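Fold and geometry: a report
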Number of protein chains: 4
Amino acid sequence: VLGRGGASEAVSARAWLDGMLAFEAGLARAQARVGVISTEEADAVVNACAGEFDVSEIAAGAGEIGNPAGPLVKALKERTDAPVHRGATSQDVVDTAAMLVTRNALAVIGEDLRGAADEAARLARAHRDTPIMGRTLLQPAVPTTFGLKAAGWMTGLDEARAGLAGLRLSVQFGGAAGTLAGNPPEVVGLLAEELGLEPPVLPWHTLRGRIGELAGALGVAAGAVGKPARDVVLLSQGEVAEVREAVGGGSTAMAHKHNPVAAIAALGCAQQAPGLVATLLTAMVQEHERAAGAWHSEWRPLSVLLITVGSAASWLRASLTGLEVDAARMAVPGDTGHAAELVDRALEARA
Amino acid sequence: VLGRGGASEAVSARAWLDGMLAFEAGLARAQARVGVISTEEADAVVNACAGEFDVSEIAAGAGEIGNPAGPLVKALKERTDAPVHRGATSQDVVDTAAMLVTRNALAVIGEDLRGAADEAARLARAHRDTPIMGRTLLQPAVPTTFGLKAAGWMTGLDEARAGLAGLRLSVQFGGAAGTLAGNPPEVVGLLAEELGLEPPVLPWHTLRGRIGELAGALGVAAGAVGKPARDVVLLSQGEVAEVREAVGGGSTAMAHKHNPVAAIAALGCAQQAPGLVATLLTAMVQEHERAAGAWHSEWRPLSVLLITVGSAASWLRASLTGLEVDAARMAVPGDTGHAAELVDRALEARA
Amino acid sequence: VLGRGGASEAVSARAWLDGMLAFEAGLARAQARVGVISTEEADAVVNACAGEFDVSEIAAGAGEIGNPAGPLVKALKERTDAPVHRGATSQDVVDTAAMLVTRNALAVIGEDLRGAADEAARLARAHRDTPIMGRTLLQPAVPTTFGLKAAGWMTGLDEARAGLAGLRLSVQFGGAAGTLAGNPPEVVGLLAEELGLEPPVLPWHTLRGRIGELAGALGVAAGAVGKPARDVVLLSQGEVAEVREAVGGGSTAMAHKHNPVAAIAALGCAQQAPGLVATLLTAMVQEHERAAGAWHSEWRPLSVLLITVGSAASWLRASLTGLEVDAARMAVPGDTGHAAELVDRALEARA
Amino acid sequence: VLGRGGASEAVSARAWLDGMLAFEAGLARAQARVGVISTEEADAVVNACAGEFDVSEIAAGAGEIGNPAGPLVKALKERTDAPVHRGATSQDVVDTAAMLVTRNALAVIGEDLRGAADEAARLARAHRDTPIMGRTLLQPAVPTTFGLKAAGWMTGLDEARAGLAGLRLSVQFGGAAGTLAGNPPEVVGLLAEELGLEPPVLPWHTLRGRIGELAGALGVAAGAVGKPARDVVLLSQGEVAEVREAVGGGSTAMAHKHNPVAAIAALGCAQQAPGLVATLLTAMVQEHERAAGAWHSEWRPLSVLLITVGSAASWLRASLTGLEVDAARMAVPGDTGHAAELVDRALEARA
């Protein structure tokens, strides 16, 4: 229920391990390009990284040193004599893996947000002129159109997606104290190139703006998903019954019920986001060159935030897909103002 | 790193499933005791509950109906013709399972809090008169004793444990709309007896004070753990070096380092709690007889909160166990006031 | 809108100042009782504390030293030569003032929670047997009674009030490093007696369990208020129209509207609580003998939390007072189970 | 202590009132430009808006209708017969005022962030090559330079400022149900022009992405301020003593202390931000055309968030201004890697 869509898989323990291996392989390749290590050595490291690793073994080892990079490097060194992890520190590995994991998760989240917005756009177009009572403070106010309501959902989702698309996903590389000791500075740019991430101006071991921005944008996405989900739930009430989910389900106790399960699940997922955002923002206050605890407090909230926002987006998309609209029940007399023109404007702005 | 101690296991998917099965078996037994079903039927249900179930299959089914109780009841009904889940609703099952899971998790968390407090008590006793510079606003102020500092850790941990011990862990049983339709009211008390939980005055499907109180008490426990962890980290600084963890570890890049790994991990876990508490408190505003989303938003934060507080407590206990105290480095001249008497008072209050 | 009820006044800048003056006067009296200072000196301090002080002047001075106790002590010393603030530290003054302010605010909050619960009890009694559709996941489920719904509101509010009533409100007194240097330990108990607060086992400058517990209990109270407020808003929807606020209001644009203004304002206030609770829990991790920032981060959230929960309770009480119930519209055929008996049980448990 | 800098004044009750008056005057002017009302009528409205209004009277009236726009419009209508607030709804006024207030607050916050970053840049330049022990997990690691540390502070602050500068500050205008009924759509763009805000594609009464983005960016700014503040506090410890605030202060109890008051106050302010961000993100889930409670729950958190982030920035600027650096105490032998080059790169990226 809480892990629908592809984000859960994108942030699995396996995915984190793959991200760490990608860092070590990419670093070796980048170091070979500037001559810090030989091409043969790089190949040996890359080969070692391509092997099989036991996720639970690495996790167990992480408990001893306090992070998962240590046991992974140890496992790699058992497989090759070539220089692994040269001039790198644990946080270089884990932060870069976090960015790779995030990139993959954002891709599926973005796709579900886009899909949900497409459905909303379809509804906006189809119901551009369908009158519906506008409701303010949950009281009937004056008429609007269902198309304008759906256009609002679409706009909110598109804006949230744009926010996610604009994030900085940067490689992390600085070594023990962030001075790039033991590596020429060019390695950073080359490593970024290898991994398809941005090169940062400075190592960001304790400059967590990137994480804070990511958290904020995911929090906004959760809100943008929660809004239409709440509207669908309210419009599905027995006394209102203006929409009906195609995917809704029954209950263990009452066969006659048709619950808007997808919208409810979307809400349940979206509402978990703000607290996680707060945790990640709190964690921005990190000490000196690498933090004592605040960094560790980021790992799980980041993963869970990606999962819950991804799940929310996936559920909302399911809710809006095939949403049955009862235009006859919606019908309300009166002036809908410029609702239809606003729909057109929003659809144009999207195109 | 983030799931040390027994709480992770206590809130695993398997543990949740076991809790749900305990509910169904307990309900059948309670219903047999008042004659709603026969003893033979109850035995059949209890037997069915004792069988093997595939956690991942139940989870997959949960995605369709929106909660895990539906597929479980379905699986039970495939195994027995006896009346399963009579007059119950999904939330009866899941909430009761949550309370059973919580009870088990609180037992291990309480044990680790007690263990950490015991270590703090040992330090308080041993260093009742060991002078150390009192530090306020991270500046040297006037002397105190290390024993008083440790007595403060102990007191905070004990108070947090008392808060957890005082929580209401109640069975949930109300049926579809919380009216106990189809069951005599006595079933609630008998079910509570069967499961070792409290009987509530009313079904609490949307009266979430219990969850809010649990969240608050876990948040306080996290803070009580974080305080000594922060102190250990600060006292372990190279420039201070007044304590040294017995369990501390090295780094991937610098063999000479002795990091206070356990205290750092405790901090990293503890700092994840407040955001989760906020999510659970936000979820208290639940609609009518059963909520549309807010209830769903409780499940993961509750599990993660139990895990992260449990992990924090376990790490702190490890940090304080065998903590090496350098009384010579601590030594500072001057009046320690009534520090030693305060230590005595705190130890007496504990006994 | 956001500061209804008496809590705002109870936590005003003037109230904080009064609390600080009460500490200084109480300390002098307590010290005279054990002979640390003479009765004449104590009288002089008490007299000085009874004078007029300019709140904004103290606030301005606070900016220089970093807390308001410094400028207040300075102002007192300008008025008397008797020993003011002997052996005390800034945090002794401010924390004790916080407890006095909290006590007063909790009194008015408790009174409004009780008043709201009384109204809910009245509705429960009057509508013990009034059938209404039970709604789960915002879908019609099976019948219940409006009395049971109201009994749930009552129970949640009463439990929240009990949580607030059980809080520890303790005097703070420890001096510069919490060792009671310069004062006999008995002063703590006497000072507590003077102020009507509890004496703590240890000074709690950096043991913030009390603040965390207070935050948690206020968060629970906010949730307990938000739940009935949400129900009233939903039941007031045009399509449902089963209740109508006596105090509801119109809109600037639409004269025909009757908005459930009080319930909406209650919700708006209640929803501000969880984030503030998280801030206060985060602040529990305080360094050494007195913290560098975390303590400062408590002041405003504590005041605002008291205000917003108090305002929520006051608005809910207004919403429920005279709430018009349309039993005819509620009417639904079918079995209401044991709803009426549950109402009786809840009312008995209250008495 | 908690309201340093200009943000407090920028979000005062008076400032909110001025923002609301600016909306009404701007609307009249915009409506005159398209001929909805006459130029004479617009002048009358503008004149009425320029009069004196009693903030506390408007606030009192707000309690009755549930928002401050109602009593303000009433007060204006008592002063002029010209059409005030035509086709507008309360939320148009309050949201637009919020954007104007935010714009002014962001200007002063941005200025203090810039000032703090300038000081950090100065330190980075001056100490480009000053060796200092790099500290990871609060343990000595390998050398870096103090200039690189300061360059990190600068970069974080600059990035946070860029995030604030990129926010969308849009006018709100949609009327009762957001359909622009009774006004030609061009009014929105003209009103935006009058007020120097952006015109939105759609009315955003319940599309709160703008508020969520603002909250996120302010949360990031708080983190960017908290990081250097924490470093200054740690570097100021008695055992480290590598920096000393020029503005630091003493204590009520210990004359010898030199507390880094400004950095501590900055931390105390910054740590209040994440919880407020969570509240604003939670509030994004707003019902239908205008929300029942969630909108109301934004007002105070938004004001307080602007105040606390502004105060944090102002305190940090004070902390860094004239910060005394003890290069001799910092001195540590060993290789500082490419620290100096990284400083150059960061300074260049800034220019």
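From a predicted model like this one, the values you see are computed outputs, not experimental measurements. Chains are numbered independently. Their residues run from 1 in the order of the written sequence. Note on labels: chains are lettered from A, ligands numbered from 1, in written order. Reporting of local features is limited, given that this is a predicted model, to residues whose pLDDT is at least 70; pairs of side-chain atoms are given and counted only at 80 or more, and all residues count toward the totals for whole chains, interfaces and linings. Each side-chain value is derived from all of the structure's non-hydrogen atoms; neither hydrogens nor water enter the calculation.

1. Description of the overall build of chain A
Looking only at helices and strands, one finds 14 helices and four strands in chain A. Considering only C-alpha atoms, chain A reaches an extent of 80 × 45 × 35 Å along its principal axes. Between buried and exposed lies partly exposed: a residue is buried under 20% and exposed over 50% of the maximum accessible area for its type, with that area taken using a 1.4 Å probe on protein chains only. In chain A, which comprises 351 residues, the proportion classed as buried is 68%. What makes two residues a contact is simply this: any of their non-hydrogen atoms within 4.5 Å. Residue pairs in contact within chain A that sit at least 24 positions apart in sequence constitute 79% of those at least 6 positions apart. For chain A, the accessible surface area stands at approximately 10100 Å², while carbon and sulfur atoms represent 52% of it. With 29 positive and 39 negative side-chain charges, chain A shows a separation of 5 Å between the mean positions of the two kinds. Every helix listed is a DSSP run of H or I at least four residues long, and every strand listed is a run of E at least two residues long, numbered separately from the N terminus. Each accessible area is a Shrake-Rupley result for a 1.4 Å probe, and residues are judged covered by the shown protein chains and nothing else. This count recognises Lys and Arg as positive and Asp and Glu as negative, with His and chain-terminal groups excluded. Each charge is placed at NZ for Lys, CZ for Arg, CG for Asp and CD for Glu.

2. A word on the environment of D:Leu164
Residue and element names in this part refer to chain D. Tracing the backbone through its elements, the reader meets Leu164 in helix 7 (residues 146–165). C-alpha separation for the pair Leu164 and Ile109, spaced 55 residues apart in sequence, amounts to 9.1 Å. Ignoring anything within four residues of it in the chain, the contact list for Leu164 reads Leu106, Ile109, Leu113, Ala217, Leu218 and Ala221.

3. Quick look at unusual backbone geometry
Generally, phi is negative for residues other than glycine and the peptide bonds are trans, each holding for most cases. A positive phi angle is found at B:Leu138, which is not glycine, with a value near 60°. Considering the arrangement of structural elements, one finds B:Leu138 in the loop between strand 1 (131–136) and strand 2 (139–145).

4. A closer look at the relation of the copies chain B and chain C
Residues below a pLDDT of 70 in either copy are left out; the C-alpha atoms of the rest, at least 70 in both, set the least-squares superposition of the copies. You can overlay chain B on chain C at an RMSD of 0.0 Å; the transform is a turn of 180° with a shift of 0.0 Å along its axis. The transformation just described matches what one would write down for a two-fold rotation axis. Every residue of chain B has its C-alpha some distance from the rotation axis, and the shortest such distance is that of B:Gly216, at 2.2 Å. Same-surface contact between copies: 100% of interface residues of chain B are shared with the interface of chain C.

5. Regarding the interface of chain B and chain A
Note on interface size: it is often stated as the accessible area lost on association of the parts. Contacts between chain B and chain A engage 42 residues on the former and 42 residues on the latter. Buried area is a sum: the accessible area each of two parts loses on coming together, probed at 1.4 Å, counted once for each and added. Between chain B and chain A, roughly 3300 Å² of surface is buried when both sides are summed, and carbon and sulfur atoms account for 65% of that area. Salt bridge, as used here, is a side-chain nitrogen of Lys or Arg placed within 4 Å of a carboxyl oxygen of Asp or Glu. There are zero salt bridges connecting chain B and chain A. Counting of polar contacts relies on pairs of N or O atoms within 3.5 Å, with two restrictions inside protein: one atom must be capable of donating a hydrogen and the other of accepting it, and residues adjacent in sequence are counted only when both atoms are side-chain atoms. Across the chain B-chain A interface, the total number found is six residue pairs in polar contact (both at pLDDT 80 or more). At the level of elements, helix 4 (55–65), helix 5 (69–79), helix 10 (261–270), helix 11 (273–282) and helix 12 (296–320) of chain B are the ones that each hand at least two residues to the side of chain B that touches chain A. In terms of residues, the side of chain B that touches chain A owes the most to one element, helix 12 of chain B, which gives nine residues. Of the residues in the side of chain B that touches chain A, the class split is 21 nonpolar, 19 polar and two charged. Note on residue categories: nonpolar means Ala, Val, Leu, Ile, Met, Phe, Trp, Tyr, Cys or Pro, charged means Asp, Glu, Lys or Arg, and polar means any other residue, Gly included.

6. Let's talk about the relation of the copies chain B and chain A
Its rotation angle being 180°, the transformation that places chain B on chain A also includes 0.0 Å of axial translation and leaves an RMSD of 0.0 Å. Most of the interface of chain B is mirrored in chain A: 100% of its interface residues are interface residues there too.

7. Examining the interface of chain B and chain C
Residue-level contacts link 73 residues of chain B with 73 residues of chain C. Counting each side, the surface lost to burial between chain B and chain C is near 5700 Å², with a carbon and sulfur contribution of 68%. Of all residues in chain B, B:Lys227, B:Val285 and B:His288 give up the largest surface area on contact with chain C, accounting jointly for 12% of the area buried on that side. Taken together, the connections running from chain B to chain C amount to six salt bridges. Between B:Glu159 and C:Arg168 there is a salt bridge, with its nearest N and O atoms 2.9 Å apart. Seen at the junction of chain B and chain C, the total is 28 residue pairs in polar contact (both at pLDDT 80 or more). Secondary-structure elements contributing two or more residues to the side of chain B that touches chain C are strand 1, strand 2, helix 7 (146–165), helix 9 (209–235), helix 11 and helix 14 (339–350) of chain B. A total of 15 residues in the side of chain B that touches chain C trace back to one element, the largest contributor, which is helix 9 of chain B. Residue composition of the side of chain B that touches chain C, grouped by class: 36 nonpolar, 22 polar and 15 charged.

8. Thoughts on the packing of aromatic side chains
In this description, an aromatic ring pair is defined by two values, namely the gap between the centres and the angle between the planes. Working definition: rings of Phe, Tyr and Trp (its six-membered ring) pair if their centres are within 6.5 Å, and the pair is stacked with planes under 30 degrees apart, edge-to-face with planes over 60 apart, and tilted otherwise. As enumerated under the stated definition, the model contains 12 aromatic pairs over all chains in all. Between B:Phe146 and B:Trp153, the aromatic rings sit 5.9 Å apart at their centres with planes inclined by 85°, giving edge-to-face as the arrangement. With respect to class, B:Phe146 is no different from B:Trp153; both count as buried. Here the aromatic rings of B:Trp295 and B:Trp299 are separated by 4.9 Å at their centres, their planes lie at 90°, and the arrangement is edge-to-face. Judged by its relative accessible area of 12%, B:Trp299 is buried. Whether a charge sits over a ring comes down to the Lys NZ or Arg CZ being within 6 Å of the ring centre and within 35 degrees of the ring normal. Directly above the aromatic system of A:Trp315 lies the positively charged group of A:Arg4, at a separation of 4.7 Å from the ring centroid. Here the basic side chain of D:Arg79 rests over the ring of D:Phe53, its NZ or CZ set 3.9 Å away from the ring centre.

9. Here's the deal with the packing of helix 9 of chain B against helix 12 of chain B
Residue and element names in this part refer to chain B. Here helix 9 crosses helix 12 at 30°, and the two axes come no closer than 9 Å. As judged from the angle between their axes, helix 9 and helix 12 are roughly parallel. In the crossing of helix 9 with helix 12, the sense of the turn from one axis to the other is left-handed. Residues Ile211, Leu214, Ala215, Leu218, Ala221, Ala222, Val225, Pro228, Ala229 and Val232 of helix 9 lie in contact with helix 12, whose contacting residues are Glu298, Leu302, Leu305, Leu306, Val309, Ala312, Ala313, Leu316, Ser319 and Leu320. A per-class count over the contact of helix 9 with helix 12 returns 18 nonpolar, one polar and one charged. Note on definitions: angles span 0 to 180 degrees between N-to-C directions of axes, and those axes are lines fitted to C-alpha atoms, for helices only across the stretch in contact. Convention used here: angles under 35 degrees read as roughly parallel, angles over 145 as roughly antiparallel, angles from 65 to 115 as roughly perpendicular, and any remaining angle as oblique. The handedness criterion is simple: a crossing whose near helix is rotated anticlockwise from the far helix by less than a right angle is left-handed, and one whose near helix is rotated clockwise is right-handed.

10. Some points on the pairing of strand 1 of chain B
Residues and elements named next belong to chain B. Where burial is concerned, most of strand 1 is hidden: five out of the six residues are buried. Strand pairing follows a simple DSSP-based rule, namely that at least 2 bridges must link the two strands. Looking at chain direction, strand 1 and strand 2 are connected through five bridges and run antiparallel. Residue pairing in the sheet places Thr136 in a bridge with Gln139 of strand 2. In sequence, strand 1 turns back onto strand 2 through a hairpin of two residues, with Leu137 there showing a positive phi of about 55°.

11. Some details on the environment of C:Leu306
All names here are of chain C. Along the chain, the position of Leu306 falls in helix 12 (residues 296–320). For Leu306, a relative accessible area of 0% gives the class buried. A C-alpha to C-alpha distance of 34 Å links Leu306 and Ala32, two positions 274 residues apart in sequence. Contacts of Leu306, omitting those with residues within four sequence positions, involve Ala7, Val11, Thr102, Ala105, Leu106, Ile109 and Leu218.

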